[in-house]
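Architecture at a glance
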Protein chains: 2
Amino acid sequence: MKAVLLTIGDELLAGTTVNTNAAWLGAELTGRGITVVRIEAVGDDPEAICRALRRARAEAEVVIVCGGLGPTHDDRTREALADCLGRPLQLRPELLAQIEAHFRRRGRAMPERNRVQALVPEGFEPIPNPVGTAPGLWLEDEAGIVAVLPGVPHELQTLMREVVLPRLAQRPGRPAILHRMLITTGIGESDLQQRLAGVESLLDEHTRLAYLPGPYGVRLRLTVEAPTAEAARERLAALESFILERIGERFVGFDEETLEVVVGRLLRELGATVAVAESCTGGHLADCITSVSGASTYFRGGVVAYDNAVKVEVLGVDSEVLAREGAVSEIVAIQMAQGVRERLGAQVALSTTGIAGPTGGTPDKPVGTVWIGLADAHSAFARCYYLPDERRRFKQRATAAALDLLRLHLLQQKVTKTASQYG
Amino acid sequence: MKAVLLTIGDELLAGTTVNTNAAWLGAELTGRGITVVRIEAVGDDPEAICRALRRARAEAEVVIVCGGLGPTHDDRTREALADCLGRPLQLRPELLAQIEAHFRRRGRAMPERNRVQALVPEGFEPIPNPVGTAPGLWLEDEAGIVAVLPGVPHELQTLMREVVLPRLAQRPGRPAILHRMLITTGIGESDLQQRLAGVESLLDEHTRLAYLPGPYGVRLRLTVEAPTAEAARERLAALESFILERIGERFVGFDEETLEVVVGRLLRELGATVAVAESCTGGHLADCITSVSGASTYFRGGVVAYDNAVKVEVLGVDSEVLAREGAVSEIVAIQMAQGVRERLGAQVALSTTGIAGPTGGTPDKPVGTVWIGLADAHSAFARCYYLPDERRRFKQRATAAALDLLRLHLLQQKVTKTASQYG
């Protein structure tokens, strides 16, 4: 089954909003074996919406339309659908009642403008929206399916999960499509490609491999299409084992098993806790660790020691050493990690100190230089990285390097020591 | 001048990569008065690329093609262009030499696969890539311009800034288009709409207003198109002053003046420093503050007190109070802010303590509850917010609420006190 995504909003064209809805929809549909063949973004312009809708319906059985269902004057999707498909808008009293109830629950009267959200093009079925005011719309006719959803991400996601995806899953005649993401870190795209020399012999039109570089590492996306689910699984397994053998410890995890998720799992397995002392990453490392639900079981906390005085006073870095070696140095990274480990009572600790830029570099320590420290009860060390990049990406890459250092350390602990030593 | 963006990559369709390139391109072009009328994403499939290219050229004078120029077997853009436009690929020795030099600078031999990046369709002009191996491509013919750029964001951005945008800027006959973003926070879309009742009389096809909700607040995008720059400026000024009068202190800043930028500017103006104590935001508040270049002049640092013991031992929260009132309480928020302010030696401090979820809620303190504290030399207080949302958005919304509390506090300081009191 093929799908085209039609995302609507001037803000997408003007670049003031990143089209995360398209990515989310793509992942959800692809994961269910529905092939997204094209994504279009058009403005809040009924004619452009209509042209895109006609193009999409001619190309795919399923068209997902997203955005432009809000209450404001720049939301034109409802009227565009009505005009384009010759299906006049009708006021649905039961929707109006739901929208009024939504506002009542928040102790407010419905603004008059929200009334338009109770309008439905003839023949469309409204999809109730439990988390917002804009109902979705569903049309099934001889040309296929049109599902229309609000552009607010959590409303879109709720309506997709609760109504649209279950309905699509019930439709017959789909080939088996399997996807698998292999997450790597600390190795570039070209080096990966070289390690995987020979993989081409396993690839064809139905067995594909894509390299997806990002600040936290390169992800490898494997896609296999086969007449049966079993054949797809077999082909995927062969490709996967070929790759895993060659990338070794550069492999972090599958699919959603990002660095922070894997590090969290290893910490739980070892019964260990972690703390972080951040300078150049400025809180991003802690933010990343705490993005995992349940992180409170192994994350003690962190200190963002942006000012050097904080490194000395809160983390106990030796002020003479700091003056002599500079904040971006091996010894300061080690002392930061040791300091935060002791003060926050963690078994293991990470530290980051570097030059995020764009200013502050020197010939000796150019922008992008970062020392990452690791301390546990037995030892402490630091490693130097050179990650020249714009500020945000520098923080992300340094965070990935720190998490990877911890990941390798914990993997070694798991192999060579008993858990009790870390418990 | 109209443009269509054609972004290429299976990963965009499968949703494993968010199309940030499209947003970046949209913003850059729009900002220069070039109207992006449509964005398409298609897979690494030469036929789909060709269909999209033909559609785009029929619709707009400028087509920006992005992605699929890498060295790996899933990069098909080069051959698709050659086949589609009937312009056979030719090996350019000077490009090959540049690519080899790129690898030599990194102390490595060029992998054989990168050789394909020296292929150029007949009649295209290569655009040298100073930051990567894939050169861009430029075609100008009777149908308009096709600019082809690598999909790696910083390569794309470098080639656009250095070559493509300057070339487009030189082309004649563009109407004046002005954009202005008004950033608001702490007010919902419907409430904004009500405050702006009557704005419709100022709007028409050439004067537009869009509401762009996000976790940090609603941004209002104003777009004005006029025959002359002066007429556009006048119309924009009228619309802007109408809106600013009505949104009052909910207005944060223009365009790039986000909460963290405005807070940083106010701190610098007052000669004040800030520190943060975070529980539920887990480092995101510090990360946000340090995303601004130059933050080191006013940001002392922070403590991520995820574990309650860290709140007591590092921040000095009273353990009896914590046991009695719970970590998510007014008094603990106040003590966290006071503690981090004293220990890190800042003039003003923020704190966050709440329940991010998805677990940990109680009937009294449901998931989404957050206390935000603020302390300075003279006073300390905390305010309770209810921000039920998924984990990442909760952190973002709580961070916005904290920064907004600080923003209002600093604005008041600026009005009622002399800077010296804060210096």
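Residues numbered from 1 in each chain as written. Chains lettered and ligands numbered in written order. Predicted model: local features only at pLDDT ≥ 70, side-chain atom pairs only at ≥ 80, totals over all residues. Heavy atoms only, no water.

With numbering aligned to this structure, UniProt lists the feature "domain: MoaB/Mog" (unreviewed entry) at residues 4–171 of chain A. Split by type, residues 4–171 of chain A is 41% helix and 23% strand. Its first and last C-alpha atoms lie 17 Å apart. (UniProt positions renumbered as here; feature names shortened; annotations may be inferred. Helix = DSSP H or I, 4+ residues; strand = E, 2+ residues; numbered from the N terminus.)

A few words on the packing of aromatic side chains. Scanning the model with the defined rule gives 4 aromatic pairs over all chains in all. The ring of Trp138(A) carries Arg167(A) above its face, with NZ or CZ at 4.8 Å from the centroid. (Phe/Tyr/Trp six-rings, centres within 6.5 Å; stacked < 30°, edge-to-face > 60°. Lys NZ or Arg CZ within 6 Å of the ring centre and 35° of its normal.)

Residues and elements named next belong to chain A. The omega torsion across Gly357 and Pro358 is 5°, close enough to zero to call that bond cis. Of note, Pro358 is situated in the loop between strand 15 (348–354) and strand 16 (369–375). Look at Asp255: it is not a glycine, yet its phi comes out positive at around 50°.

Another aspect to go through is the pairing of strand 2 (residues 35–42) of chain A. All names here are of chain A. Extensive coverage of strand 2 is indicated by the burial of 7 of its 8 residues. Taken together, the 7 bridges between strand 1 (residues 2–8) and strand 2 define a ladder with parallel strand orientation. Among the inter-strand pairings, Ala3 is bridged to a residue of strand 2, identified as Val36. (Buried < 20%, exposed > 50% of the residue type's maximum accessible area, 1.4 Å probe, protein only. Pairing = 2+ DSSP bridges.)

Looking now at the domain arrangement of chain A. Partitioning chain A into structural domains gives domain 1 (2–169), domain 2 (176–254) and domain 3 (259–421). The C-alpha centroid of domain 3 of chain A is placed 44 Å from the C-alpha centroid of domain 1 of chain A. (Domains from an automatic or database assignment.)

This part covers the sheet that holds strand 10 (residues 207–214) of chain B. All names here are of chain B. If you trace the 4 strands from one edge of the open sheet to the other, you get 10-11-9-12, paired in antiparallel fashion. Every other strand in the sheet has two partners, leaving strand 10 and strand 12 (251–254) as the edge strands with one partner each. Strand-to-strand, the axes of this sheet are offset by a mean angle of 20°, without reference to chain direction. Pairing between strand 9 (residues 176–184) and strand 11 (residues 217–226): 8 bridges, direction antiparallel. Pairing of Leu178 across the sheet is with Val224, part of strand 11. Along the sheet, helix 8 (residues 229–247) contacts strand 9, strand 10, strand 11 and strand 12; its crossing angle with strand 11, the most-contacted strand, is approximately 155°. (Axes fitted to C-alpha atoms, helices over the stretch in contact; angles between N-to-C directions. Contact = heavy atoms within 4.5 Å.)

For the structure shown, the criterion picks out 2 disulfides over all chains. Each sulfur in the disulfide pair Cys50(A) and Cys84(A) lies 2.2 Å from the other. Measuring the twist about the S-S bond at about 75°, one finds the Cys50(A)-Cys84(A) disulfide to be right-handed. Here Cys50(A) is found in helix 3 (residues 46–59), whereas its partner Cys84(A) is found in helix 4 (residues 77–85), with 34 residues between them in sequence. Comparing Cys50(A) with Cys84(A), the two get one shared label, buried. In this structure Cys288(A) is not part of a disulfide, and its nearest cysteine sulfur, from Cys280(A), lies 14 Å away. Here Cys280(B) is not disulfide-linked; the sulfur of Cys384(B) is the nearest cysteine sulfur, at 11 Å. (Disulfide = S-S within 2.5 Å.)

The subject of this paragraph is the pattern of salt bridges. Residues and elements named next belong to chain A. Per the counting criterion, the structure on display carries 50 salt bridges over all chains. A salt bridge links Arg57 to Asp141, with the nearest nitrogen and oxygen atoms 2.7 Å apart. Taken together, the residues span a long stretch of sequence, with Arg57 in helix 3 and Asp141 in strand 7 (residues 136–141) at a distance of 84 residues. (Salt bridge = Lys/Arg side-chain N within 4 Å of Asp/Glu carboxyl O.)

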